[in-house]
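What follows is the residue order along each chain.
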Amino acid sequence: LRQLFLTLASVFHLITNRPLLRLLLTALFHPMAPEASGETMIRAKPDVACSGPDGKLYVRVDEPTVPNLTSITDDKSMYLFGKVTGQRGAAASSSAGDQCVFVLSPVLADVLENQASGSASFIARTRPNPYRRSILACLAEAGDIAGLRNLSVLAMDAALSRFDGKFVCDMLFGTGMKNFSNDIPMDERRLDTKRVHKMHDRGMGGRASVQSRRSLQPASPGGVQNFVAEVVASLCVGVVNTTSRWKGVRVLEYDKIAAHALLCAIRDNPRALQMTAKLIERRRSQTASFMSQLPSLIDKTPVTRLSGEFRVGTSAQKSIPEDDEQRLGLLMNRIFYERHGKDNASVIEGLVRTRSGPDTGNRLIAISQESSFDDISPRICNSEMKSDPDVSDELASLEIAKTCAASHLHLDALCNLIQDLAATNGNALKNRKLTEYAFTSSGQVINFAGSYEKELRRSLYASISQSIVTTIVEDQETDSSHHRDKGLPEAGSVVGLVGRTAFPCVCEVPAANAKLFTDEAACVVAEGVKWQSLYLVFLGRYMVLAEPEKGGSGGNGRIITACSLSKLNVEKDVQNEDSGSPARRLLLSHDWYEKMPPSLFLLEEKPCDKILGPFACVQSYRSCMDLWFEDENAADRAFKIIDTKLTKSRSRRGNRIREKLSDDDIYSGLVPEKNAY
């Protein structure tokens, strides 16, 4: 089967003979098929010459086409050669001399050209296509032959992407074929198709004297042919694979080529779009529920070599928190926000935004990719190299979790696009290729054809849900449990210091932030550097630096800067311990996906967009600030409290993501069984 799928993918990518490709698509994917034995065949001498418009003889050649770029239109015309010319005979007859023998060409051409007529005689002279069913089974197979899925996806996408949407729908869904279940006796309509008049199913040809009732009656209960459902269901399963690779924990793997094949199949069929929207929405809910449980699954693995640092991931907190919710929240936070893997990027940094116009908050991700001949070798390797990663390496474990999280975001964006298509009967894709476009949630369509690298031109982009952007990218607390959070405190507002833990500290004042301070008496200039006395306090999930209120009693402070604790990192400056001064310094850094850092923080590098065609990649920007304390005891106390609070803040952020993902929990089948460990 592997060789078969590799051959089929190569044929559709490389061969340009349109009639041959039409026949091959018909043989593989049409719901009905002829029998190979006992059929009429044609023998004819090679027909290599033809008469041109000027009456001269020319060598017959195919029309020039460009593989993967030119769609074969809705044209079912065939060569007369191999169809009606030459001598007819039985398929078992032997060919003579240099004659060409066409065994299935006549009957396949009949299926191709006449299926839209939907006549009862046509249905009766065919049988359910076994090749189609085998390919669809491989797309959705989760058993021992799961390695075939990658190759079957490649072959199917190579086939479907060569033809326009209407032709694909005609072939896959049997468009125009009528339902003749009412012609079947009542006592036979609900029987298994393999038990109904089995001996009368003689395929297509002139020898069958009895119409095939097996062909008339579909496999589905109640006598309703549903060719659309079997194709859509198989492709939807293939879009997200769930292969077990790490201690029984399922790994979600999104297949962009399978998504492209799905869009090729459904784009011009309203019924298929509606059905796909429901199935993909359910699949999205399943993956969301799985992601909400993934930290718990990782935490329960009996791998003692997983360190406390893996489960926590902060600079100081090395021990594993006893509180389950805090521990699982920290795990989820690391999955989405920590940089790891070969690309040294977080899950969030796999998103992009549009470069043109103002930032509307849309965050996009690639949802599909058209296959090419160059994809064959990587697919072979991917299907044969499914070994478990080294579980002793925590980075490998994080990479698995990152793959699952990214797969959910891909599926979320695909689901959003398909739901929009289903609501408009596919208008957004009318007269458009399934590559080189981006669809935003605000309705904007971006065409980036022809001007960027090949990998980008094969892709289709769509927006992820705004609720995910709000929760994960913008880090906003929207759930009712945090209803008292009023957002980031504004600079210049007054904060009460009485009853709060406040740490006196000193920081350097950058020239750009000098205007934020009002109490000149609290400033000291030494060797050309301006220093300001401040109080470090905490307001909910925010760290605040405030100057004493000028002219006040000391009970209030005026906010100079504030930032979210979950975006901070803190370290001790061990190099300053031998300086001879009792003062000690804490090194604060702020990492987030915004170019503008909080006040008093200085960017390590000048912000520069990472460009990907018409997009700018979402990327994290790091800024730093030094806080000085009176002595080592003061610095140590501040360090412990800051580290504890930022750990709790990160845990709350991770748990907010878990709650969001579990909101629409219709989970089934993705989590390993209890004894899987």
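Quantities reported herein were computed from a predicted structural model and do not represent experimental measurements.

Moving on to the overall build of the protein chain. Of regular secondary structure, the protein chain possesses 18 helices and 26 strands. Counting over 677 residues, the protein chain shows a buried share of 50%. Residue pairs at least 24 apart in sequence account for 75% of intrachain contacts in the protein chain once pairs closer than 6 positions are excluded. Of the roughly 31500 Å² of accessible surface on the protein chain, a fraction of 50% belongs to carbon and sulfur atoms.

Here the focus is the nonpolar core. Counting residues in each nonpolar core, the largest one holds 99 residues, and the members touching the most others are Phe-336 and Leu-414. Residue contributions to this core peak at 13 residues, all from helix H15 (residues 394-423). Setting aside its immediate chain neighbours within four residues, Phe-336 contacts Met-291, Ser-346, Val-347, Ile-348, Ala-405, Ile-472 and Ile-657.

On the secondary structure map, Glu-325 appears in helix H13 (residues 324-337). Taking the C-alpha atoms as reference points, Glu-325 and Ser-296, separated by 29 residues in sequence, lie 9.5 Å from one another. In this structure, Glu-325 is in contact with Ser-651, Asn-655 and Arg-658, ignoring residues within four places of it in sequence.

Now for helix H7 (residues 165-173). Across the nine residues of H7, eight count as buried, placing the element largely inside the fold. Looking at the residues trailing H7, positive phi occurs at Gly-174, about 60°.

Right, let's get into unusual backbone geometry. Phi is positive for Asn-425, which is not a glycine, with a value near 55°. With respect to the secondary-structure elements, Asn-425 resides in the loop between H15 and strand E12 (437-439). Using a relative accessible area of 42% as the deciding quantity, one classes Asn-425 as partly exposed.

Residues at a pLDDT of 70 or more form 71% of the protein chain, whose mean pLDDT is 77. Segment residues 665-677 is flagged for pLDDT under 50; beyond a separation of four residues in sequence, or across chains, it makes 31 contacts in the model.

This brings us to helix H18 (residues 632-661). Spanning 30 residues, H18 covers 43 Å between terminal C-alpha atoms, matching the ideal 44 Å at 1.5 Å per step. The N-terminus of H18 is capped by Asp-631, whose side-chain oxygen sits 3.3 Å from the backbone nitrogen of Asn-633.

By the definition in use, this model includes seven aromatic pairs. Measuring from ring centre to ring centre gives 5.0 Å for Phe-163 and Phe-167, while their planes differ by 15°; the resulting arrangement is stacked. Given the relative accessible area of 0%, Phe-167 is considered buried. Three or more aromatic residues joined by ring pairs form one cluster here, namely Tyr-337, Trp-592 and Tyr-593. Positioned over the ring face of Tyr-337 is Arg-653, at 4.0 Å from the centre of the ring.

Assignment of secondary structure puts Ser-463 in strand E14 (residues 459-463). Between the C-alpha atoms of Ser-463 and Cys-415, which are 48 residues apart in sequence, the distance is 9.7 Å. If we skip the residues at most four places from it in the chain, Ser-463 touches Asn-362, Arg-363, Leu-364, Ala-413, Asn-416, Phe-439, Thr-440 and Ser-441. Within the local environment of Ser-463, its side chain forms a polar contact with the backbone nitrogen of Ser-441, the two atoms lying 3.0 Å apart.

Looking now at the environment of Arg-334. With respect to the helices and strands, Arg-334 occurs in helix H13. On a C-alpha basis, the gap between Arg-334 and Gly-654 in space is 8.1 Å, while along the polypeptide they are 320 residues apart. Within the structure, Arg-334 has its side chain in polar contact with the side chain of Glu-338 (distance 2.3 Å).

Conventions adopted
Residues numbered from 1 in each chain as written. Predicted model: local features only at pLDDT ≥ 70, side-chain atom pairs only at ≥ 80, totals over all residues. Heavy atoms only, no water. Helix = DSSP H or I, 4+ residues; strand = E, 2+ residues; numbered from the N terminus. Buried < 20%, exposed > 50% of the residue type's maximum accessible area, 1.4 Å probe, protein only. Contact = heavy atoms within 4.5 Å. Areas by Shrake-Rupley, 256 points an atom, 1.4 Å probe, with all protein chains shown as cover. Core = buried A, V, L, I, M, F, W, Y, C linked by side-chain atoms within 4.5 Å. pLDDT = per-residue confidence, 0-100. Expected span 1.5 Å × (residues − 1). Polar contact = N/O pair within 3.5 Å; in protein donor to acceptor, adjacent residues only side chain to side chain. Phe/Tyr/Trp six-rings, centres within 6.5 Å; stacked < 30°, edge-to-face > 60°. Lys NZ or Arg CZ within 6 Å of the ring centre and 35° of its normal.

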